[in-house]
Amino acid sequence: MHEMSLAEGIRQIIDTQAAAHGFARVTTLRLEIGRFAGVEKPALEFALDVVLRGSSAEGAGVEMIDLPGRALCYDCGEVVEIADRLDPCPLCGSGKILPQGGDEMRIKDMEVI
Amino acid sequence: MCTVCGCSSGPKIDGQTHAHSHAHEHDHAHSHGADHDHDHHHYGDGAAGVSVPGMSQARLIQIETDILAKNNAYAASNRRVLTALEAFAVNLVSSPGSGKTTLLCKTIEALGGQPLAVIEGDQQTSNDADRIRATGARAVQVNTGKGCHLDGHMVGHAMDDLHLAPQSLLFIENVGNLVCPAAFDLGEDAKVAILSVTEGEDKPLKYPDMFTAAKLAILNKIDLAPHCDADLDAYEANLRRINPDIIVLRVSARTGEGMDAWIDWLRAGLRAKARP
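Residues numbered from 1 in each chain as written. Chains lettered and ligands numbered in written order. Predicted model: local features only at pLDDT ≥ 70, side-chain atom pairs only at ≥ 80, totals over all residues.

S.K.: Before we move on, could you go through the packing of helix H1 (residues 3–21) of chain A against helix H2 (residues 41–51) of chain A and cite the residues and values that matter?
M.R.: Residue and element names in this part refer to chain A. Contact pair H1 / H2: the axes reach a minimum separation of 8 Å and the direction vectors enclose 50°. Of the possible angle classes, the one that applies to H1 and H2 is oblique. Considering the relative orientation of H1 and H2, their crossing is right-handed. Within the contact between the two elements, H1 uses Glu3, Met4, Leu6, Ala7, Glu8, Ile10 and Arg11 and H2 uses Ala43, Leu44, Ala47, Leu48 and Val51. Partitioned by chemical class, the residues of the contact of H1 with H2 number nine nonpolar, no polar and three charged. (Axes fitted to C-alpha atoms, helices over the stretch in contact; angles between N-to-C directions. Helix = DSSP H or I, 4+ residues; strand = E, 2+ residues; numbered from the N terminus. Parallel < 35°, antiparallel > 145°, perpendicular 65-115°, else oblique. Left-handed = near helix turned anticlockwise from the far one by under 90°. Contact = placed C-beta atoms within 7 Å. Nonpolar A, V, L, I, M, F, W, Y, C, P; charged D, E, K, R; others polar.)

Spelled out as structure tokens, the structure:
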């Protein structure tokens, strides 16, 4: 459900950018979404479709770039890439790992006219 | 007066009537009708932005902005206020029905004369704030409407209304939801996840985001454990699997078992906020 709040956050950023840069329309919006960001991408797409109506980004193409999940292994001390929070350390097999990254939710850039 | 958005919000504490309507420079304009004689904040209105026409040359704008930047700015503002007051704030997160409000009522009793205040988040009703106020504590209810979580802005306004005393404890009882509140920083010092023994030992594995974000987990209703074959060690093992650093306290708010450790943890947090 909070994808709607995220979409509203995206619209705020776009509105601020529109005021600062003076563009008419956003044609493409590129987002970076971490694997552990808790974002359901189809839900975010749906929310953006609704929330961006009437804004300079109405109808813009939305690209979502996946960022990998990273975690610190408490046993071997390495920062490793994992696909799932519950995965063991791929280096030593330990289950004691703490996510260190992959919770990003960013607007990377946008193409405007 | 909200220091971030600049909107003014009148006092809405202890049954005072207020009526104002303000459109913020950010997305959700919210308004309060004159028929309000209770101290609620209502949210859930939709977007109302503006678009600015301008030049028409295709170009790429680098943004690299966190989608939650706005929320994070509100949270940072709340954190500054709390730091200035040497106040310690906890964001209580859990499923609905884990016993948050009962735990809070018992916590307030156990804390005696400690200055404290409570922000209650629910989609509807002021039932929880009413229960807190029955203990004599100050409480403000925030109704999120359709919203599934509290955000930094709602909490900032609620904090304005509470007029926190220096060295207060602030309890923020989030909407009962183990998913969305994990992503929204409110400016708190710690998220505290409450998990009751009837919920299943694998709950931390099913909802990892929240338990990763929490500093402390309270395993509540342990008086019921023998009646529902709950394996408390399995709960703890699963919590540590998700978050090796998490502190786990076994508590029964009903019988009082384990409450001392919780109260000690809160007092230690408060002491740590004191300026030398």
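S.K.: Provide a residue-level description of the interface of chain A and chain B, including the pertinent values.
M.R.: Contact with chain A, which involves 37 residues of that partner, is made by 41 residues of chain B. Listing elements by their share of the side of chain A that touches chain B, those giving two or more residues are H1, strand S5 (97–101) and strand S6 (105–112) of chain A. Among the elements that line the side of chain A that touches chain B, the one with the most residues is H1 of chain A, at 12 residues. Residues belonging to the side of chain A that touches chain B are distributed by class as follows: 18 nonpolar, 10 polar and nine charged. With six bridges joining them, S6 of chain A and strand S4 (residues 59–66) of chain B adopt antiparallel strand pairing. Across the sheet, the residue bridging to arginine 106 of chain A is aspartate 66 of chain B, located in S4 of chain B. (Pairing = 2+ DSSP bridges.)

S.K.: Outline the pairing of strand S3 (residues 69–73) of chain A, listing residues and values.
M.R.: Residues and elements named next belong to chain A. Burial along S3 is one-sided: Gly69, Ala71 and Cys73 are buried, while Arg70 and Leu72, pointing the other way, are not. Inspection of the sheet shows S3 paired to strand S4 (residues 79–82) by four bridges, in the antiparallel sense. Bridge assignment links arginine 70 to a residue of S4, and that residue is glutamate 81. Where S3 folds back on S4, the antiparallel hairpin that results is connected by five residues, among which glycine 77 adopts a positive phi of roughly 75°. (Buried ≥ 20, exposed ≤ 12 C-beta atoms within 10 Å, placed from the backbone.)

S.K.: Please provide a residue-by-residue account of the environment of glutamate 8 of chain A, values included.
M.R.: Residue placement: glutamate 8 of chain A occurs in helix H1. A sequence separation of 18 residues divides glutamate 8 of chain A from valine 26 of chain A, and the C-alpha atoms of the two residues are 16 Å apart.

S.K.: Explain the pairing of strand S11 (residues 247–250) of chain B to me, and be specific about the residues and the numbers.
M.R.: Residues and elements named next belong to chain B. Direction of pairing for strand S10 (residues 216–220) relative to S11: parallel, over a ladder of four bridges. Note on S11: the bridge partner recorded for leucine 219 is arginine 250. Note on the crossover from S10 through helix H7 (residues 232–242) to S11: the handedness is right-handed. (Right-handed = clockwise from strand over helix to strand, strands pointing away.)

S.K.: So what's going on with the environment of leucine 72 of chain A? Which residues, and what values?
M.R.: Residues and elements named next belong to chain A. Its location among the elements puts leucine 72 in strand S3. Considering only alpha carbons, one finds leucine 72 and arginine 11, 61 residues apart in sequence, at a separation of 34 Å. Those residues within four positions of leucine 72 in sequence are excluded, and the remaining contacts are Val79, Ile97, Leu98 and Gln100.

S.K.: Would you mind going over H2 of chain A in detail, with residue names and values included?
M.R.: Residue and element names in this part refer to chain A. Of the residues making up H2, those classed as buried are Leu44, Ala47, Leu48 and Val51. Along the long axis of H2, the arc covered by the buried residues comes to 100°, so they all point the same way. Opposite its buried face, H2 presents the exposed residues Pro42 and Val50, each directed more than 90 degrees away. In this fold, the buried residues of H2 make contact with H1 and strand S2 (61–67). (Arc of directions from axis to C-beta.)

S.K.: Would you mind going over the confidence of the model for chain A in detail, with residue names and values included?
M.R.: In the predicted model, chain A carries a mean pLDDT of 91, and 99% of its residues have values of at least 70. Confidence, expressed as mean pLDDT per element, reaches its minimum in chain A at S5 of chain A with 84 and its maximum at strand S1 (residues 26–34) of chain A with 95. (pLDDT = per-residue confidence, 0-100.)

S.K.: Let's hear about the sheet that holds S4 of chain B: which residues, and what values?
M.R.: Reading across from one edge, S2(A)-S1(A)-S6(A)-S4(B) is the order of the four strands in this open sheet, with mixed pairing throughout. Edge strands, defined here as strands with exactly one partner in the open sheet, are S2 of chain A together with S4 of chain B. Sheet twist, expressed as the mean angle between neighbouring strand axes with direction ignored, is 15°. Each of S1 and S6 of chain A together with S4 of chain B touches H1 of chain A; the most contacted strand, S4 of chain B, lies at about 135° to it.

S.K.: Could you give an account of the sheet that holds S5 of chain A, with specific residues and numbers?
M.R.: Residue and element names in this part refer to chain A. Ordered in space as S4-S3-S5, the three strands form an open sheet in which the pairing is antiparallel. Taken across any chain shown, the strands that pair with only one partner, and hence form the sheet edges, are S4 and S5. Averaged over all neighbouring strand pairs, the angle between strand axes comes to 45°, with direction disregarded.

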